[in-house]
Every structure is written in C-alpha cells, then in structure tokens.
Amino acid sequence: MFLTGPAGAGKSTAVKVAQRFCFEFCAAVSVMWYDETFYFTACSGSAAAIFGGITIHSAIKLNGKITDKARQAWKARILVVDEISYYSDNDLKKTDRKLKDLNGIPNKPFGGQSIIFCGDFRQFEAIKAKHLLYDRNGSQLWENSINCVIILENIHRFKDDPDFGEMLTRLWRDDLTNEDR
C-alpha cells in the first residue's frame with residue numbers, strides 16, 4: 001500500500017491509528033502481539049527517531065547478510081516504511097530480495113510481506129539514485145507492487161492557519177494561484 005498526501009495531511013497519524021486497530025484486533029482474537037508486529041521503519045534516521053522506529057536499512061539488513069537468527073527473530077506482520085521518497089529503484093529491489101530471504105518465501109514480491117509505504121514524492125527525491133523509485137526506465141517493481149493507494153487530503157496540522165494549509169495543498173497539487181505566489 002502507498003499512503004501519501006501533502007504536509008500536514010495526517011500520514012503519521014493514520015499509521016498510528018492503523019497500528020492501534022491492529023493491536024486491538026489481535027487482542028480480540030487472541031493473537032500474540034509483539035513490538036515488531038507493526039514494524040515502524042523509515043528511510044532516514046531522523047524520520048525513524050520521530051516515532052521510535054529504526055531505519056529500513058537496519059531492520060532488514062539492507063547492506064548486510066541475513067543470518068538464521070535474524071530469520072527466526074523476524075516477527076513483522078505489517079512493515080511500515082516512511083519517507084519512501086528517499087528510496088531508489090535499486091533500494092526497492094534490494095528490499096524485495098532481503099524480505100524474500102527473511103520470510104523464506106522467494107516466489108512472492110517482498111516475500112509476501114504486507115508493507116505500508118508512506119511518503120510524499122513532491123517532498124524529496126532519492127539522492128544520487130540512478131533510477132528513481134517510479135522511473136519508467138527502472139525495474140517497474142514499485143508500480144507492479146502497489147495494490148492500494150490512499151491520498152490523504154486533510155490539513156489538520158494547519159487548524160490554526162487553514163489558509164496556509166490550503167496553499168500548501170495547492171502547492172502539492174502543482175496548482176498555485178498567482179495570489180499564492
């Protein structure tokens with residue numbers, strides 16, 4: 001799934017609400033809940049620190065070797081990857097390979113892992129990436145893996161200045177007026 005929207009739309013809040021729902025659901029059906037059941041990661045350390053997660057690179061040993069111990073310890077039911085706009089096509093292909101290895105399911109995209117990719121492609125692009133995540137000259141893994149897109153349109157962060165929030169939304173949609181400029 002891809003969750004996106006302009007600044008202040010509530011992406012982080014939506015993910016936290018989804019996590020609470022999953023926790024309550026697991027409790028209701030007597031399924032064991034681990035801290036890693038709803039595993040928060042981000043593509044940058046500062047973004048991961050905001051919600052107490054870790055970088056996706058560390059979580060799935062993106063630049064290292066996956067051990068048998070790591071495979072046995074992997075408990076993620078839902079993997080959240082925030083700030084996906086930092087990712088390149090090459091990073092996504094490596095993530096696919098690592099999750100296939102971690103989950104022991106080589107014939108499904110991302111090893112059958114449920115993933116919520118969050119971010120705003122109008123905010124940042126991957127630095128030094130040969131191919132961006134959504135580049136038509138890339139692998140097309142991004143386009144072929146997303147089965148749900150949610151675009152949030154709320155501007156709750158700007159409740160004290162709704163005019164500014166609406167202007168940022170127009171900027172996000174590439175629809176600034178002359179008055180905005």
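Throughout, a residue's number is its position along its own chain's written sequence, starting from 1. The model is predicted, so local features are restricted to residues of pLDDT at least 70 and side-chain atom pairs to those at 80 or more, both for listing and for counting; the totals for chains, interfaces and linings are taken over all residues. Working from all heavy atoms in the structure, the side-chain values ignore hydrogens and water.

Draft legend 1. Just the pattern of salt bridges, in detail. Every case where a carboxyl oxygen of Asp or Glu lies within 4 Å of a side-chain nitrogen of Lys or Arg is listed as a salt bridge. Under the criterion given, the structure shown has six salt bridges. In this structure, D89 and K93 form a salt bridge, with 4.0 Å as the shortest nitrogen-oxygen distance. Note that D89 and K93 are positioned in helix 5 (residues 89–103) at a spacing of four residues, about one turn of the helix. Summary of the burial criterion: residues with accessible area below 20% of their type's maximum are buried, those above 50% are exposed, and those between are partly exposed, where the area comes from a 1.4 Å probe applied to protein chains only. Here K93 falls in the partly exposed class, since its relative accessible area comes to 32%. Going along the chain from the N terminus, every DSSP run of H or I of four or more residues is numbered as a helix, and every run of E of two or more is numbered as a strand.

Draft legend 2. Expanded view of the side chain of D89. For D89, a relative accessible area of 3% translates into the label buried. Under this definition, polar contacts are N or O atom pairs within 3.5 Å; protein pairs additionally need one hydrogen-donor-capable and one acceptor-capable atom, and for neighbouring residues in sequence, both atoms have to be side-chain atoms. At 2.7 Å, the side chain of D89 forms a polar contact with the side chain of S139.

Draft legend 3. Here's a closer look at helix 7 (residues 162–172). Residues G165, L168, T169 and W172 constitute the buried set of helix 7. Along the axis of helix 7, the buried residues cluster in a sector spanning 105°; they form a single face. It only takes one pair of heavy atoms within 4.5 Å for two residues to be counted as in contact. Turning to helix 7, the residues buried within the fold contact strand 1 (2–4) and strand 6 (149–151). Each C-beta atom gives one direction from the helix axis, and the arc is the one those directions make.

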